[in-house]
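# Structural overview for review
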Amino acid sequence: MIEIASRAPPPVLAIDGPGGAGKGTISRLAAERLNWHYLDSGALYRILALAGKLKGIALSDESALSDIASKLDIRFGTGSDERIWLESSEITDQIRTEQAGAAASAVAALPAVRAALLERQRAFRRMPGLVADGRDMGTVVFTDAIVKVFLTASAQERADRRYKQLIAKGIDVKLCDLLADIQTRDDRDSNRAIAPLRPAADAVLIDTSSMSIDEVLQKVLGLVDLQTS
Ligand code: C5P
């Protein structure tokens, strides 16, 4: 007799929320602690916008962008290696600028682009588990995630954090410009017709404005623990 084992799919911890709420930091640390894989879905949109620019494709050319989205040759470093390659070039810093973020937000509003990147994101789901960081991980990409977290922080707090990061890197910016950029991006991400930024009905909301990284991490890991133990 052939026994068919019922195999549960690899568990997913979905972490969504607006830019600057601490998703990247918390997701990376959670993946490290759990020893799970990590998906930085925002990086995919950023890389696509960059690839489009390099090929001279307009940010509004939905069909050309979705066409290259499914063929992009992307490589992510593993573990603590945060480097990213597009074809043979390392593009880690190039996709982290404010302009790259704004371009990513523009291409992310195109339905065909989101559809083209869907399977690509789901392919990151492997044993022993996946921490997925983005805007629609819990609402669209991994609706069966075992834990869904929606991290928020006030726009002012997110602008302050970003300001400190950029100043520490020696990049000269104005706090008021960063705040305006954050508000514009929030607005576009929350009001777009497809996969707008919003918490899943079953997501746990965490406002990180006055929490330390460690407090947020412990809270998130505690939620995973409840589901896996
Ligand atoms: O998270 P990050 O700032 O890298 O994302 C860049 C942009 O990509 C976001 O402003 C958002 O417009 C888009 N994005 C998205 N869906 C995701 C991840 C990112 O629409 N899952």
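Preceding this paragraph is the structure being described.
Conventions and cut-offs
Along every chain, residues carry numbers that run from 1 in the direction the sequence is written. Predicted model: local features are reported for residues with pLDDT of at least 70 only, side-chain atom pairs are reported and counted for 80 or more only, and whole-chain, interface and lining totals are derived from all residues. Heavy atoms from the whole structure form the basis of all side-chain values; hydrogens and water molecules are not counted. Fitted lines through C-alpha atoms give the axes, limited to the stretch in contact for helices. The angle between two N-to-C directions lies from 0 to 180 degrees. A run of DSSP states H or I qualifies as a helix once it reaches four residues; a run of E qualifies as a strand once it reaches two. Both are numbered from the N-terminal end. Relative orientations are named as follows: roughly parallel for angles under 35 degrees, roughly antiparallel for angles over 145 degrees, roughly perpendicular for angles from 65 to 115 degrees, and oblique for any other angle. The sense of a crossing depends on the near helix, which, turned anticlockwise from the far helix by less than a right angle, makes the crossing left-handed and, turned clockwise, makes it right-handed. Note on contacts: a residue pair qualifies if any of its non-hydrogen atoms lie within 4.5 Å across the two residues. Charged means Asp, Glu, Lys or Arg here, nonpolar means Ala, Val, Leu, Ile, Met, Phe, Trp, Tyr, Cys or Pro, and polar covers whatever is left, Gly included. Remark: exposure states derive from per-residue accessible area (1.4 Å probe, protein chains only) relative to the maximum for the residue type, with buried under 20%, exposed over 50%, and partly exposed in between. Between N or O atoms, a polar contact is any pair within 3.5 Å; within protein, one atom must be a potential hydrogen donor and the other a potential acceptor, and residues adjacent in sequence are included only when both atoms are from side chains. Note on ring pairs: Phe, Tyr and Trp rings are taken, using the six-membered ring of Trp, and paired if centres are within 6.5 Å. Classes follow the plane angle, with under 30 degrees stacked, over 60 edge-to-face and the rest tilted. In this scheme, the term charge over a ring applies when either NZ of a lysine or CZ of an arginine sits within 6 Å of the ring centre and within 35 degrees of the ring normal. Side-chain atoms within 4.5 Å link the members of a nonpolar core, which is a set of buried Ala, Val, Leu, Ile, Met, Phe, Trp, Tyr and Cys residues.

## A look at the packing of helix H2 (residues 41-54) against helix H3 (residues 62-69)
Remark: H2 packs on H3, axes separated minimally by 10 Å, with the N-to-C direction vectors making an angle of 115°. Accordingly, the angle class assigned to the pair H2 and H3 is roughly perpendicular. Handedness of the H2/H3 crossing: right-handed. Residues Leu48, Ala51 and Gly52 of H2 form the contact with H3, whose participating residues are Leu65, Ile68 and Ala69. Here the residues of the contact of H2 with H3 sort into five nonpolar, one polar and no charged.

## Some thoughts on the side chain of Asp189
Structurally, the position occupied by Asp189 is in helix H8 (residues 175-191). Its relative accessible area of 5% is what places Asp189 among the buried residues. Polar side-chain contacts of Asp189 include one of 3.5 Å to the side chain of Arg135. Setting aside anything within four residues of it in sequence, one finds Asp189 in contact with Ser105, Arg135, Pro196 and Leu197.

## Examining the packing of aromatic side chains
Enumeration according to the criterion identifies one aromatic pair in this entry. Consider the rings of Phe76 and Phe124, whose centres lie 5.8 Å apart with planes at 75°: the pair is edge-to-face. On the criterion of sequence distance, the pair formed by Phe76 in strand S3 (residues 74-76) and Phe124 in the loop between helix H5 (111-122) and strand S6 (130-134) is long-range, its members being 48 residues apart. According to the relative accessible area criterion, Phe76 is partly exposed, its value standing at 24%. Since its relative accessible area comes to 17%, Phe124 is described here as buried. Here Arg75 stacks its cationic end above the ring of Trp85, 4.1 Å away from the centre of that ring.

## Looking at the nonpolar core
Among the nonpolar cores identified, the biggest contains 35 residues, and Leu39, Ile47, Leu48, Leu65 and Phe142 are the most heavily contacted of them. Elements that contribute at least two residues to this core include exactly strand S1 (12-16), H2, H3, strand S4 (84-86), helix H4 (98-107), H5, S6 and helix H6 (137-141). In terms of residue count, the dominant contributor to this core is H2 (eight residues). Ignoring anything within four residues of it in the chain, the contact list for Phe142 reads Val12, Leu39, Gln121, Arg122, Arg125, Leu130, Ala132, Met137 and Lys148. Counting 18 residues, the second largest nonpolar core, distinct from the first, contains Val131, Leu151, Val220 and Val224.

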